[in-house]
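Understanding the architecture of this molecule
Here's the letter readout for the chains.
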Amino acid sequence: MRITYFTAAPRPALQFREEADDNPDMFEWKDEYSVHIHSIDAQHQNLFRMAGELHSAMLAGQAKSVIGKVLDRLVQYTAMHFAHEERLMRQRNYPGFELHKVEHDVLTRKVLQFQADFRSGTTIITVQLLQFLRDWLENHIKGSDTKYVPFLTAEPVGQTRADK
Ligand SMILES: [Fe+2]
Ligand SMILES: [Fe+2]
């Protein structure tokens, strides 16, 4: 006689939750993100910390008003950070400035739209949104931000170091 044992098959939806939803390290700063320019590293670290706060607030099921304030701080800080980078890039006549600014502008438009949708109640914070934010931060810092480093840290004759 043949006996068949039934075992519970893993559920992909639950696996996704475990990987993305409850990962406390999602916005953990890593040394590999460093661009070795003090002010910019400090701002990037703050961005990761604020995004982590948004993640925690979401996981804790905080009230919309609380999450909204965390989101507002993150949006404001992002605008300040982009303006800081753009000022330094312009000061040094960085040749990749225009392209870099386009990336900043595209993300700014997305987060402002999201912020407006969140306020009006047509959207909520989701893991997918936070994952997008994390991937954007990581890719932008390791890709685009890293490219301006030699231009911002060089010491041309007659100029002081742009930022250290
Ligand atoms: Fe940056
Ligand atoms: Fe940037």
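First, a word on scope: everything that follows refers to the structure included in this document. (Residues numbered from 1 in each chain as written. Chains lettered and ligands numbered in written order. Predicted model: local features only at pLDDT ≥ 70, side-chain atom pairs only at ≥ 80, totals over all residues.)

**Digging into the overall build of the protein chain**
Within the protein chain one finds five helices and zero strands. Listing every helix and strand of the protein chain by position from the N terminus yields α-α-α-α-α. Restricting to contacts in the protein chain with at least 6 residues of sequence separation, those with at least 24 account for 72%. (Helix = DSSP H or I, 4+ residues; strand = E, 2+ residues; numbered from the N terminus. Contact = placed C-beta atoms within 7 Å.)

**Details of helix α5 (residues 127-153)**
The terminal C-alpha atoms of α5, which comprises 27 residues, lie 36 Å apart, in line with the 39 Å expected from a rise of 1.5 Å per residue. At D145, α5 shows its largest kink, close to 40°. Where α5 is concerned, the buried positions are L130, L133, I141, D145, Y148 and L152. (Expected span 1.5 Å × (residues − 1). Bend = angle between axes of the 7 residues up to and from the residue. Buried ≥ 20, exposed ≤ 12 C-beta atoms within 10 Å, placed from the backbone.)

**Observations regarding the nonpolar core**
By size, the foremost hydrophobic cluster in this structure holds eleven residues: M26, F27, F48, A51, L54, V70, L71, L74, I125, L130 and L133. Looking at this core, the elements that each hand over two or more residues are α2 (38-59), α3 (64-91) and α5. The residues contacting F48, other than those within four sequence positions of it, are F27, W29 and L137. If you look at the next biggest cluster of nonpolar residues, it comprises six residues, including I37, M89, Y94 and Y148. (Core = buried A, V, L, I, M, F, W, Y, C linked by C-beta atoms within 7 Å.)

**Looking at α3**
Given 3.6 residues per turn, any residue in an α-helix points the same way as the ones three and four places further on. In this model, α3 (28 residues) spans 40 Å end to end at C-alpha, consistent with the 40 Å of a helix rising 1.5 Å per residue. V70, L71, L74, T78, E85 and M89 are the residues of α3 that are buried. Considering only its buried residues, α3 is in contact with α2, α4 (97-120) and α5. Looking one or two places after α3, you find N93, whose phi comes out positive at around 50°.

**Structural notes on the packing of α2 against α5**
Two numbers describe how α2 lies on α5: the axes approach to 11 Å, and their chain directions differ by 170°. Viewed along their axes, α2 and α5 adopt a mutual orientation that is roughly antiparallel. In this structure, α2 uses H44, L47, F48, A51, L54 and H55 to contact α5, whose residues at the interface are L130, L133, R134, L137 and I141. Grouping the amino acids of the contact of α2 with α5 by side-chain chemistry returns eight nonpolar, two polar and one charged. (Axes fitted to C-alpha atoms, helices over the stretch in contact; angles between N-to-C directions. Parallel < 35°, antiparallel > 145°, perpendicular 65-115°, else oblique. Nonpolar A, V, L, I, M, F, W, Y, C, P; charged D, E, K, R; others polar.)

**Quick look at the packing of α4 against α5**
Here α4 crosses α5 at 160°, and the two axes come no closer than 11 Å. Comparing their axes, α5 and α4 come out roughly antiparallel. Crossing handedness for the pair α4 and α5: left-handed. Touching H100, E103 and L107 of α4 are W136, H140, S144 and Y148, all from α5. Its residues assigned to classes, the contact of α4 with α5 shows three nonpolar, three polar and one charged. (Left-handed = near helix turned anticlockwise from the far one by under 90°.)

**Topic: the environment of E28**
When you line up the elements, E28 lands in the loop between α1 (12-21) and α2. For the pair formed by E28 and F48, sequence separation is 20 residues and the distance between their alpha carbons is 6.8 Å.

**Brief notes about the environment of F118**
Structurally, F118 is set in helix α4. Of the residues examined, F118 has 18 C-beta atoms within 10 Å and is grouped as partly exposed. Residues F118 and L71 lie 47 residues apart in sequence; the distance between their C-alpha atoms is 9.3 Å.

**Quick notes on unusual backbone geometry**
Positive phi, normally seen in glycine, also occurs at H36, with a value near 60°. Using a count of 11 C-beta atoms within 10 Å as the deciding quantity, one classes H36 as exposed.

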